[in-house]
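# Structural characterization, general
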Amino acid sequence: MLKRAMFRCGPLCSRVFAVEFDLHTKPLYFTLSSSPQVLHGDHQQLFGDCGKLFSLYVHSENRIEKARMYAEIKHKLSTRGCDVFEASSFMPNVRNSVLKGFFVRDKSTTCLSKEVLKSLQQQKVSVCVFSYEREGQHCWQEMWSAVNHVEESVKQYIKPAAAAEHHPSTLSISNSDVFYCMDEAYKVLQECADIIPESKEVLKLVDEQLKTTRGNGFPVIVIEGLDATGKTTLTEALRQSLNATLLKSPPQCLAPFRQRFDSEPPLIRRAFYALGNYITATHIAKESLRAPVIVDRYWHSTAAYAIATAVGGRVENLPKPDSELYVWPEDLLQPDLVLLLTVSPEERVRRLRDRGQDKTTEEAELEINQLFRLKVEEAYKRIQNPSCITVDASPSPQEVLKQVHHLIRNKCHL
Ligand SMILES: Nc1ncnc2c1ncn2[C@@H]1O[C@H](COP(=O)(O)OP(=O)(O)OP(=O)(O)O)[C@@H](O)[C@H]1O
Ligand SMILES: Nc1ccn([C@H]2C[C@H](O)[C@@H](COP(=O)(O)O)O2)c(=O)n1
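Numbers given for residues are sequential positions, taken from 1 along each chain in its written order. Naming scheme: in the order in which they are written, chains are lettered from A and ligands are numbered from 1. Local features in this predicted model are restricted to residues whose pLDDT is 70 or higher, and side-chain atom pairs enter the listing and the counts only when it is 80 or higher, whereas totals over whole chains, interfaces and linings include all residues. Side-chain numbers here rest on the full set of heavy atoms in the structure, without hydrogens or water.

### So, the site of ligand 2
Here, proximity means that at least one heavy atom of the residue falls within 4 Å of the molecule or strand. In the vicinity of ligand 2, the residues found are S249, P250, R258, Y273, N277, R297, Y298, S301, T302 and Y305. Polar contacts, as used here, are pairs of N or O atoms within 3.5 Å; protein pairs need one atom able to donate a hydrogen and one able to accept it. Residues neighboring in sequence count only if both atoms are side-chain atoms. Contact distances for ligand 2 include 3.3 Å between a nitrogen atom and a backbone N or O atom of Y298. Here T302 contributes a side-chain N or O atom positioned 2.8 Å from a nitrogen atom of ligand 2. Exposure was quantified through the Shrake-Rupley algorithm and a 1.4 Å probe, taking into account, for residues, occlusion by the shown protein chains and nothing else. Coverage of ligand 2 by the protein chains reaches 74% of its 460 Å² of free accessible surface. Two kinds of site are reported from a 1 Å grid over the protein atoms alone, namely cavities, where a 1.4 Å probe fits but cannot get out, and pockets, open sets with protein on both sides within 12 Å along at least five of seven lines, and residues are called lining when an atom falls within 4 Å of a point. To decide whether a molecule occupies a pocket or cavity, check its atoms: if more than half lie within 2 Å of the grid points, it is inside. Placement of ligand 2 is best described as lying within the second largest pocket. The numbering of helices and of strands both runs from the N terminus, where a helix is a DSSP run of H or I of at least 4 residues and a strand a run of E of at least 2. Taken together, the elements giving at least two residues each to the shell around ligand 2 come down to helix 9 (266–287) and helix 10 (299–310).

If you want it as structure tokens, here you go:
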């Protein structure tokens, strides 16, 4: 079964592998060769360091199963005290050719990872073990099995490869992390209906919404931004000052299901948020006939967070600014104006602290989160049609409101 799945993904020798060895640089790329290849620099550091080195890849024809298994492995490995690097194998420029996995380095004397590997071996996971020959400075991989430890004696040598033009994760974002039409997100929840009963309730709520097209009504203004940038404060002030209707995405009717879907892997979680936007869209269409509408988060949030999560490491790994991945879904109601609130990282932390965020979460605001925030903000800015206008939200709430009124007057003639 495993071999058949791997065969379908293309022969190993034609695939490129990428390991997120250092989040601040490009992934480390390599291919497989039948002859030994001398390793230098980062390749030598990854493959030549002490400790046992493994790679794990999930194979399943069922995308829901695959996504959940991947998340489960990630969780299992993160609690074992090993070094875990996200990895992928792909065919250059071939969409949906990506297999996601991990590199695991276990430096413990008790071989903590072994137990995890054994439990995974029963599942649709391929495990390779790496061996490094110090004198010849080369490394090879072999398939691993819980019984024999090395299943096949065929050695495949690591051969450094040039960096791919586009980060491999960008090959699988469309309709896995970001959904470009409602039907694609709908299908995901249909596929998980048996294992996540709440999916049926969400789909029922989607079905109940009338398919609406927007008439010539009042302006629709979306307020976007990272958490604690002041969206709630501003949207409430706008509601009062413009006599507007305030909506949110996800809408209130999905609130009882949000926690459930937040605990699911990106494929399922993002499909849930995507459907939330379509429900909010029908509310926008209706309410904008009566008054201006202010929306707290919408598609920009769904796409920006999804892209920033899917793409590992640094901002440079994001899809290029002209990528089709930033294009607004054709079947989703468009707002008239999208404003992106930004504040400095220091000011955000201050606001989070003042809001009473607990110490643990605050402490989690470390560099890795800083990288993530930079990617979310950059992805927000790259989204097209409609693109967003950045608003410096550092001044006082009154000042921010004044700036925003000015923009709304100019852009929406309100
Ligand atoms: N312009 C401002 N200057 C100083 N503090 C502000 C400003 N706007 C909001 N705050 C404060 O910052 C904190 C976060 O604001 P708010 O809840 O409006 O942000 P948010 O973007 O809605 O956050 P989240 O997305 O996490 O719900 C609150 O304590 C709020 O009182
Ligand atoms: N339309 C939306 C709204 C929210 N999200 C996701 C993105 C973040 O993970 C999280 C932030 O929401 P908050 O904590 O501010 O309520 O929810 C989304 O994907 N799409």
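### Looking at unusual backbone geometry
The step from S249 to P250 runs through a cis peptide bond, and the omega angle for that step is 0°. Backbone torsion omega between N385 and P386 reads 5°, so that peptide bond is classified as cis. With respect to the helices and strands, P386 occurs in the loop between helix 13 (367–382) and strand 14 (389–392). A positive phi angle is found at N243, which is not glycine, with a value near 55°.

### Some details on the site of ligand 1
Residues in close proximity to ligand 1 total 16 residues, the closest being A228, K231, T232, T233 and P395. Contacts to ligand 1 include T233, whose side-chain N or O atom sits 2.6 Å from an oxygen atom. Here a nitrogen atom of ligand 1 and a backbone polar atom of P395 are 2.8 Å apart. In the complex, the protein chains occlude 73% of the 630 Å² of accessible area that ligand 1 would expose alone. Cavity membership is defined here by more than half of the atoms lying within 2 Å of grid points; on that basis ligand 1 lies in the second largest pocket. Looking at the shell around ligand 1, the elements that each hand over two or more residues are helix 7 (231–242) and helix 14 (397–412). When residues of the shell around ligand 1 are assigned to their parent elements, the largest contribution, 3 residues, is made by helix 7. All residues other than Ala, Val, Leu, Ile, Met, Phe, Trp, Tyr, Cys, Pro, Asp, Glu, Lys and Arg, Gly among them, are scored as polar; the first ten of these are nonpolar and the last four charged. Here the shell around ligand 1 is built from residues that sort into 6 nonpolar, 5 polar and 5 charged.

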